[in-house]
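Chain residues, written in single-letter form:
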Amino acid sequence: MASVLVFVDISSAEPTRAARELLAIAGTLGEPVVACPHPVSDEAAEALGRLGVAEVFEPAAELPDVLVAAKAAFLAAAVEAAQPRAVLLGNSFEDREIAARAAIRLGSGVVTDAVAVAPDLSVTKSVLAGAYTSTCRVRSGVPVITVKANSAEPAEPADGAPAVRRAVEPQPVPAAARVTERSGRISSGRPDLAEARVIVAGGRGVDGDFGPLEELADLLGGAVGASRAATDAGWIEHSAQVGQTGKTVSPQLYISAGISGAIQQKAGMQTSKVIVAVNKDADAPVFEIADFGVVGDLFKVLPQAAEEIRKRRS
Ligand SMILES: Cc1cc2nc3c(=O)[nH]c(=O)nc-3n(C[C@H](O)[C@H](O)[C@H](O)COP(=O)(O)OP(=O)(O)OC[C@H]3O[C@@H](n4cnc5c(N)ncnc54)[C@H](O)[C@@H]3O)c2cc1C
């Protein structure tokens, strides 16, 4: 059976949910193999084996600490070693850039923003702010496909021998910007916005107070997002912005609070599975795409929802 190469950074022994989703999709297309951009630990090789991965390609030595160029060069070399029928990556900014650079090296076509990949490698993606679903297929080289988080149920561990490690000599990296310093961001303890299954997002209507949204997000194990009006006001960091010029998200549940639903906001969240809108204006455009709408003051509605969830759990 032909292999399908999944590019994931396995930094901890347990692959993330996003990685397991890609492996599940790969398993429907062929035999999943992995390319990890740094040497893999024994524990990680065992964990990958339990997820049905036969081989993991790793760089022969640590890659130079440049932005994405070295990872793309390594991925291209791993594709040449593995000869897969397709390559899958996540859909973060970094993953998409790696996909594009690797595809240029391979002479391959790229599809980004995929939400499904069929056995014949035709790819479903949503386009034009989520208003249309399109199906497309790469016609040159090994298809390189970046898949949005929450597009599949993750692969579950079972019995399996550890993945066999294969060292790959990365292709030469041209002169590239070198990272000279890194500083950690203070972690909120919440899931990453792009991968979260639940997002509670606030807009100008929160008037500077994200407290009720954070409370609800924490109860639901979700992330906190925002409209551009809220990030521009400095009420929350820019990385929380959802929309055309922010992150594109596709959670199982998107709770929109105090957001009017401008086209640029919809562009980033319209493919969410279930959209709940809370807005005090019954004519707000967000209600046009909401599965459930509450016309009311978010400062009353969200705490009531949180209270009800707590009551049902106790
Ligand atoms: C090129 C370009 C790119 C852009 N990119 C983005 C983007 O990526 N993401 C994005 O979000 N925007 C983007 N925008 C901006 C976008 O056009 C809107 O201006 C923005 O989304 C509005 O944010 P908002 O809904 O929070 O604010 P508003 O439109 O002001 O809406 C606030 C809403 O809150 C409601 N409200 C007020 N108080 C309460 C309360 N107490 N309880 C409940 N509801 C309440 C009001 O009824 C209103 O509907 C972009 C614009 C441009 C031109």
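Model, not experiment: these values are computed from the prediction. (Residues numbered from 1 in each chain as written. Predicted model: local features only at pLDDT ≥ 70, side-chain atom pairs only at ≥ 80, totals over all residues. Heavy atoms only, no water.)

**Observations regarding the UniProt feature "binding site: FAD" (unreviewed entry) in the protein**
When the UniProt feature table is mapped onto this chain numbering, "binding site: FAD" (unreviewed entry) sits at Arg204, Ser227, Arg228, Gln241, Val242, Gly243, Gln244, Thr245 and Asn279. Sequence-wise these annotated residues cover 76 residues; spatially they are dispersed, their C-alpha atoms as much as 22.6 Å apart. The topology assignment puts Val242 in the loop between α6 (228-232) and β12 (253-257). For Val242, a relative accessible area of 2% translates into the label buried. With sequence-adjacent residues up to four places away left out, Val242 is seen in contact with Leu193, Gly225, Ala226, Lys247, Val249, Tyr254, Gln265, Gly268 and Met269. Position of Gln244 relative to the elements: it lies in the loop between α6 and β12. For Gln244, a relative accessible area of 56% puts it in the exposed group. (UniProt positions renumbered as here; feature names shortened; annotations may be inferred. Helix = DSSP H or I, 4+ residues; strand = E, 2+ residues; numbered from the N terminus. Buried < 20%, exposed > 50% of the residue type's maximum accessible area, 1.4 Å probe, protein only. Contact = heavy atoms within 4.5 Å.)

**Notes on the domain arrangement of the protein**
Segmenting the protein into domains produces domain 1 (3-168) and domain 2 (198-313). Each partner contributes residues to the interface: domain 1 has eight residues there, and domain 2 has eleven residues. With both sides pooled, the region where domain 1 packs onto domain 2 buries about 670 Å², and carbon together with sulfur makes up 55% of that total. At the boundary of domain 1 and domain 2, one finds zero salt bridges. Taken together, the connections running from domain 1 to domain 2 amount to two residue pairs in polar contact (both at pLDDT 80 or more). (Domains from an automatic or database assignment. Buried area = accessible area lost by both parts, 1.4 Å probe. Salt bridge = Lys/Arg side-chain N within 4 Å of Asp/Glu carboxyl O. Polar contact = N/O pair within 3.5 Å; in protein donor to acceptor, adjacent residues only side chain to side chain.)

**Focus: the sheet that holds strand β5 (residues 110-117)**
Read across the sheet, nine strands follow the order β7-β6-β5-β8-β4-β1-β2-β3-β9 without closing on themselves; strand pairing throughout is mixed. The open sheet terminates on both sides in strands that have one partner only, identified here as β7 (132-136) and β9 (164-168). If you compare each strand with its neighbour and ignore which way they point, the axes differ by 35 degrees on average. Judged from the five bridges that link them, strand β3 (residues 55-59) and β9 form a sheet pairing that is parallel. (Pairing = 2+ DSSP bridges. Axes fitted to C-alpha atoms, helices over the stretch in contact; angles between N-to-C directions.)

**Digging into the pattern of salt bridges**
Taken as a whole and assessed by the stated rule, the structure comprises 17 salt bridges. The shortest N-O distance in the salt bridge between Glu14 and Arg50 comes to 4.0 Å. Residue Glu14 is located in the loop between β1 (3-7) and α1 (17-29), and its partner Arg50 is located in helix α2 (residues 42-50); the two are separated by 36 residues in the primary sequence. When its relative accessible area of 33% is taken as the criterion, Arg50 is described as partly exposed. We note a salt bridge from Arg190 to Asp218, for which the minimum N-O separation is 2.7 Å.

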